[in-house]
Amino acid sequence: MADTHENAIEALRAELNKMSSQLNNVVKSLENRKDEATSDMAEKLNRELEKLRNFASERAQKAYDAGHAGIDEVGEQVRRNPVASLLIAFGAGCVLSCLFRHLR
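Read on for a plain summary of the structure. In this text the structure is predicted, and so the values were computed from the model without any measurement.

## Thoughts on the pattern of salt bridges
- Applying the stated rule across the entire model yields five salt bridges.
- Ionic pairing is found between Glu 10 and Arg 13, a salt bridge with its closest N-O pair at 3.1 Å. Remark: Arg 13 and Glu 10 occur in helix α1 (residues 2-80); sequence separation between them is three residues, near one turn of the helix.
- Each of the salt bridges in this network shares a partner with another, and the network as a whole consists of Glu 76, Arg 79 and Arg 80.

## What to know about a negative patch on the surface
- On the surface, Glu 31, Asp 35, Glu 36, Asp 40 and Glu 43 cluster together into a negatively charged patch.
- Within the secondary structure layout, Asp 40 lies in helix α1.

About the criteria used
Residue numbers run consecutively from 1 along every chain, following the written order of its sequence. Given that this is a predicted model, residues contribute local features only at a pLDDT of at least 70 and side-chain atom pairs are listed and counted only at 80 or more, while totals for whole chains, interfaces and linings are drawn from all residues. Computation of side-chain values: all heavy atoms of the structure, hydrogens and water removed. Should a side-chain nitrogen of Lys or Arg be within 4 Å of a carboxyl oxygen of Asp or Glu, the pair is scored as a salt bridge. What counts as a helix is a DSSP run of H or I of at least four residues, what counts as a strand is a run of E of at least two, and both are numbered from the N terminus. Think of a patch as exposed residues, more than 30% relative accessible area, with no salt bridge, where like charges cluster within 9 Å and nonpolar side chains (Val, Leu, Ile, Met, Phe, Trp, Tyr) cluster within 5 Å. Under the convention used here, a 1.4 Å probe and the Shrake-Rupley method define accessible areas, while residue burial counts only the protein chains that appear. In this charge count, Lys and Arg are treated as positive and Asp and Glu as negative; neither His nor the chain ends contribute. Lys charges are placed at NZ, Arg charges at CZ, Asp charges at CG and Glu charges at CD.

Set out below in structure tokens:
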């Protein structure tokens, strides 16, 4: 009778060890899948970040080009009408001077 109980306990231990091993395998499999999913998500985020960097770079270049074109246009206006440009600059300076004097 004691042999029967010992055999049953040993069989139960063996079954529990087998289930524990299977559970460990499932956990490892889930961890691997989690790592794969995390890796995929990181790759997607990196691609989106690169798209945003390119978009920002293009916009900055367009803004720079527009500013540069505006500066060239002002420069051309000054070359064509130097006296008028000088008078406009003098007038703007007077207005700013008056504004700052009243702020004190």
